[in-house]
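Results of the structural survey
Below are the chains, spelled out letter by letter.
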Amino acid sequence: MKVPIWSEEVSKGNQPEILFWVGCAGSFDARAQSITKAFITILNKVGISYAILGTEEMCTGDPARRAGNEFQFQMMAYQNIQLLNGYQVKKIVTACPHCFNTLKNEYPELGGHFEVIHHSTMLQQMIDEGKIVLNENGAFKGKKITFHDSCYLGRSNQIYDAPRSVIEALDASLVEMKRCKSNGLCCGAGGAQMFKEEEKGNNRINLERTSDVLETGASVVASACPFCNTMLTDGIKLNEKQEEIKVLDIAELIAQSI
Amino acid sequence: MEIFQQILFGIILVTAVYFFSKRMALIKKLILLGKAEDLHDQPMKRWKNVALLALGQKKMFKNPTVALLHLLVYAGFIIINIEMIEIVMDGLFGTHRFLLGMLPYYYSFLINSFEILAALVIFACVIFLVRRNLIHVKRLWSNELTGWPSKDANIILLVEIVLMMLFLKMNAADSLLQLKGIEPYANHSTGVFYISSLLHPLMDRFSIETLLLTERICWWMHILGVLAFLNYLSWSKHLHIILAFPNAYFSRLEPNGKIKNMPAVQNEVLYAFQPESAPAASSDPSPSSFGAKDVNDLSWKNLLDAFSCTECGRCTAACPANQTGKMLSPRRIMMATRDRAEEIGSKINQQIEWRSDNRSLLYDYISEEEIRACTTCNACVEACPVSINPLDIIVELRRYLIMEKSSSPQEWTSMFGNIENNFAPWKFSPDQRINWTKEST
């Protein structure tokens, strides 16, 4: 697919308006790659001036910092900020709440000042401004959809409404889980847990959350984070419910409806 | 006789206030063992937090029934304490119902309001005792509360009930003495006490002497109880009624997702990349250690948090790790932090050098397994009605383990290796980062 790379655009004499920060999950994880592609499809269709960093992008350092490895976090932050400032990046969009949080909240005091926006907010804006035109009879019209709040979007950054209004724009019926918004239950991946086995317990966190999902009777559980997506997909599979309920990113919902 | 009582009262009052102040000074000293952190910016926002979170108990109202009961006890506590002005005046100057002379027109209204609140406080405390001991509400009935913490909670509730009952019984005896025309009660006409007069049938058969004795005993027991309770609360989880206010004021104003920066590490990395920006050697001593092993490695705000915790367990009830049976309990993190600070406090009091006691918050109070289970989801931070941040402590302990002890689970060691070599937490080379662009949609 056609994806503009920042360095190539610069050599052509272009300065893209927005950097799409893909993130490690969106780049390497097979499931998350389709979220990335869905968002690219939308960006291309809307005709926004954007580019990705391509092979120059590096981990923001989020998992290292949360695991306690501040040295590694600072190394990654330094290199990323040098690169972003070198390219005079002004605005960044990302589909990963962890990258979003680090770029938005943790990079400024290290010298990286950018306008950072999560893709849920950007999708909402593009729908509101009429840039995204949804099909009259979209695939999700009337479908029961529940939304799983990512901790790094919700409690960490108070973004609860944007992803929900994206879902509502599909004419779907949004059903809430018993634990939602500021009371939402974590998927189990944050704090670098994604990269290690869970500690000893009597249940896995993603299974605990999956039972909330199944209780709603929704046919789609929407997420806005690639890690939540992985955890919920695993949870649904372990419950052998993958035929009845799909785990989709809000970008995928929109990409399938335009 | 009168003057003897006044002197005795004065001595008891001064003694109680002295011991309370001494204890609070120690608590302040223990909190200030923590590292400096400037939390004085944006005073308007901070006062707003005090008004909403501490005074308005905004977060309590996530559960309106419990919030309402708690509000009754809290309002009762604050408002009935206006009565303390009168009790102290009467005690010191040997007067009777000092405020009656000051506010003759409002006095009946004032005392009746106190009485209604007192009855509501008794009602709420009984329900709290039932929730704790009979219904066994899960967050109030877990392993970490076994022993002293649950006893502490029950003592607080029982003392509050007893104090309120003494206040009502004193008023009941007083108004009966007024009806019987006994001085000095008869010439201090208070009007009807609507709640305490309900006790009259129980006391009707009392002789005048018994009534006089009852009124005096209740008065003395009430004030002695209040002064004892004042001292008790400084040793107990009930300290939150005082510390919730400064804790709300000093609570963090940044987004919850932002983890505290370590400028020393930031500079070290900067100098590694830009050696020319490094200051001349020795002018910038790096900190003795990274992260936190003991309470004095934490920020003073972390320690204020620990002393402000009333062990309600909303954090632990919301914690995903705890709900799935992991060892981690954010409440236990706070209790352990306070326990270690108190241990240091008792060593300071006994003039024992605590820095070489070979004990520390990490290992002796909190295990690696506990802090390894945290997903940094901020549910505990969100849940706390008094703005405590257990996550901050967990991250500082993790920093110590990784940066000072190089102790990390095998998978994290691989992750660090991948980030270092491939700039991604997984083992993919940077060239593969754009492989997806070569595929069709």
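Residues numbered from 1 in each chain as written. Chains lettered and ligands numbered in written order. Predicted model: local features only at pLDDT ≥ 70, side-chain atom pairs only at ≥ 80, totals over all residues. Heavy atoms only, no water.

**Remarks on the overall build of chain A**
Across its full length, chain A holds 11 helices and 8 strands. Taking 2.2 N^0.38 as the reference for a compact globule, 258 residues should give roughly 18 Å; the C-alpha atoms of chain A span a radius of gyration of 18 Å, in line with that estimate. Structurally, chain A occupies a C-alpha span of about 50 × 50 × 30 Å along its principal axes. Within chain A, counting contacts between residues at least 6 apart in sequence, those at least 24 apart form 78% of the total. Counting every atom, chain A has about 9,100 Å² of accessible surface; 47% of that belongs to carbon and sulfur. Charge centroids of chain A, computed over 26 positive and 31 negative side chains, lie 2 Å from each other. (Helix = DSSP H or I, 4+ residues; strand = E, 2+ residues; numbered from the N terminus. Rg over C-alpha atoms; globule rule 2.2 N^0.38 Å. Contact = heavy atoms within 4.5 Å. Areas by Shrake-Rupley, 256 points an atom, 1.4 Å probe, with all protein chains shown as cover. Lys, Arg positive; Asp, Glu negative; His and termini not counted. Charge placed at Lys NZ, Arg CZ, Asp CG, Glu CD.)

**Quick look at the interface of chain A and chain B**
Contact residues are listed per partner, giving 71 residues for chain A and 62 residues for chain B. Roughly 5,800 Å² is buried in total at the junction of chain A and chain B, and carbon and sulfur atoms are behind 64% of that figure. For the chain A face of the interface with chain B, the top three residues by lost area are Phe-28, Phe-71 and Phe-195 of chain A, together amounting to 13%. For the pair chain A and chain B, the interface holds 5 salt bridges. The salt bridge partner of Arg-433 of chain B is Glu-57 of chain A, with a shortest N-O separation of 3.1 Å. Counting the contacts that link chain A with chain B gives 33 residue pairs in polar contact (both at pLDDT 80 or more). Put simply, the parts of the chain that give the side of chain A that touches chain B at least two residues each are helix H2 (23-28), helix H3 (30-46), helix H4 (62-67), helix H5 (70-86), helix H6 (97-106) and helix H9 (205-216) of chain A. (Buried area = accessible area lost by both parts, 1.4 Å probe. Salt bridge = Lys/Arg side-chain N within 4 Å of Asp/Glu carboxyl O. Polar contact = N/O pair within 3.5 Å; in protein donor to acceptor, adjacent residues only side chain to side chain.)

**A closer look at the domain arrangement of chain A**
Residues and elements named next belong to chain A. Looking at chain A, the domain boundaries give domain 1 (6-123) and domain 2 (134-255). Summarising the inter-unit geometry, the C-alpha centres of domain 1 and domain 2 are found 23 Å apart. In this assembly, 25 residues from domain 1 lie in contact with 27 residues from domain 2. Summed over both sides, the interface of domain 1 with domain 2 buries roughly 2,000 Å², with 71% coming from carbon and sulfur. Scanning the region where domain 1 abuts domain 2 turns up 1 salt bridge. For the salt bridge of Glu-252 with Arg-31, the shortest nitrogen-to-oxygen distance reads 2.8 Å. (Domains from an automatic or database assignment.)

**A closer look at the layout of surface pockets**
All names here are of chain B. Reported here for the largest pocket is a volume of approximately 1,200 Å³. In this structure, the largest pocket is lined by 38 residues; those nearest its centre are Ser-251, Arg-252, Leu-253, Glu-254 and Asn-256. Take the lining of the largest pocket: its biggest share by element is 6 residues, from helix H2 (residues 43-55). Class assignment for the residues of the lining of the largest pocket results in 7 nonpolar, 13 polar and 18 charged. Listing elements by their share of the lining of the second largest pocket, those giving two or more residues are helix H13 (314-318) and helix H18 (379-383). Broken down by class, the residue content of the lining of the second largest pocket amounts to 7 nonpolar, 5 polar and 9 charged. (1 Å grid on protein atoms, 1.4 Å probe; cavity = no way out; pocket = protein on both sides within 12 Å on 5 of 7 lines; lining within 4 Å. Points joined across faces, edges and corners; volume = space filled by probe spheres on them. Nonpolar A, V, L, I, M, F, W, Y, C, P; charged D, E, K, R; others polar.)

**Concerning the packing of helix H7 (residues 148-179) of chain B against helix H9 (residues 208-235) of chain B**
Residue and element names in this part refer to chain B. Contact geometry of H7 with H9 gives a least axis separation of 8 Å together with a crossing angle of 150°. Here H7 is positioned roughly antiparallel relative to H9, judged by the angle of their axes. Classified by chirality, the crossing of H9 by H7 is left-handed. Its residues assigned to classes, the contact of H7 with H9 comprises 21 nonpolar, 3 polar and 5 charged. (Axes fitted to C-alpha atoms, helices over the stretch in contact; angles between N-to-C directions. Parallel < 35°, antiparallel > 145°, perpendicular 65-115°, else oblique. Left-handed = near helix turned anticlockwise from the far one by under 90°.)

**Observations regarding the side chain of Glu-198 of chain A**
Checked against the element boundaries, Glu-198 of chain A lands in the loop between strand E6 (173-175) and H9. There is a polar contact of 3.2 Å between the side chain of Glu-198 of chain A and the backbone nitrogen of Ile-205 of chain A. Here Lys-326 of chain B takes part through its side chain, which lies 2.8 Å from a polar atom of the side chain of Glu-198 of chain A. Those residues in contact with Glu-198 of chain A that lie beyond four places of it in its chain are Asn-203, Arg-204, Ile-205 and Asn-206 of chain A together with Lys-326 of chain B.

**Observations regarding unusual backbone geometry**
Along the chain, Glu-183 of chain B connects to Pro-184 of chain B via a cis peptide bond; the corresponding omega equals 0°. Along the chain, Pro-184 of chain B turns up in the loop between H7 and helix H8 (200-203). For Ala-192 of chain A, which is not glycine, the phi torsion reads 70° and is therefore positive. Locating Ala-192 of chain A in the fold gives a position in the loop between E6 and H9. Of note in the backbone geometry, Tyr-363 of chain B takes a positive phi value of approximately 85° without being a glycine. Relative to the helices and strands, Tyr-363 of chain B resides in helix H16 (residues 361-365).

**A few points about the nonpolar core**
Ranked by size, the top nonpolar core spans 85 residues in total, and within it Phe-20, Leu-84, Met-122, Leu-123, Ile-250 and Leu-253 of chain A carry the most contacts. Ignoring sequence-local partners within four residues, the contact set of Leu-84 of chain A consists of Leu-19, Trp-21, Leu-53, Val-89, Ile-92, Leu-103 and Phe-114 of chain A. Leu-303, Cys-315, Leu-361 and Ala-373 of chain B belong to the second-largest nonpolar core, a separate cluster that totals 57 residues. (Core = buried A, V, L, I, M, F, W, Y, C linked by side-chain atoms within 4.5 Å. Buried < 20%, exposed > 50% of the residue type's maximum accessible area, 1.4 Å probe, protein only.)

**Some remarks on the packing of aromatic side chains**
Overall, the coordinates contain 18 aromatic pairs over all chains when judged by the stated rule. Relative to Phe-290 of chain B, the ring of Phe-71 of chain A has its centre 5.3 Å away and its plane inclined at 90°; by these criteria the two rings are edge-to-face. With Phe-71 of chain A in helix H5 and Phe-290 of chain B in the loop between helix H11 (263-273) and helix H12 (300-308), this pair bridges two chains. According to the relative accessible area criterion, Phe-71 of chain A is partly exposed, its value standing at 25%. Relative to Trp-300 of chain B, the ring of Phe-250 of chain B has its centre 5.0 Å away and its plane inclined at 80°; by these criteria the two rings are edge-to-face. Residue Phe-250 of chain B is located in the loop between helix H10 (240-249) and H11, and its partner Trp-300 of chain B is located in helix H12; the two are separated by 50 residues in the primary sequence. The exposure class of Trp-300 of chain B is buried, given its relative accessible area of 12%. (Phe/Tyr/Trp six-rings, centres within 6.5 Å; stacked < 30°, edge-to-face > 60°.)

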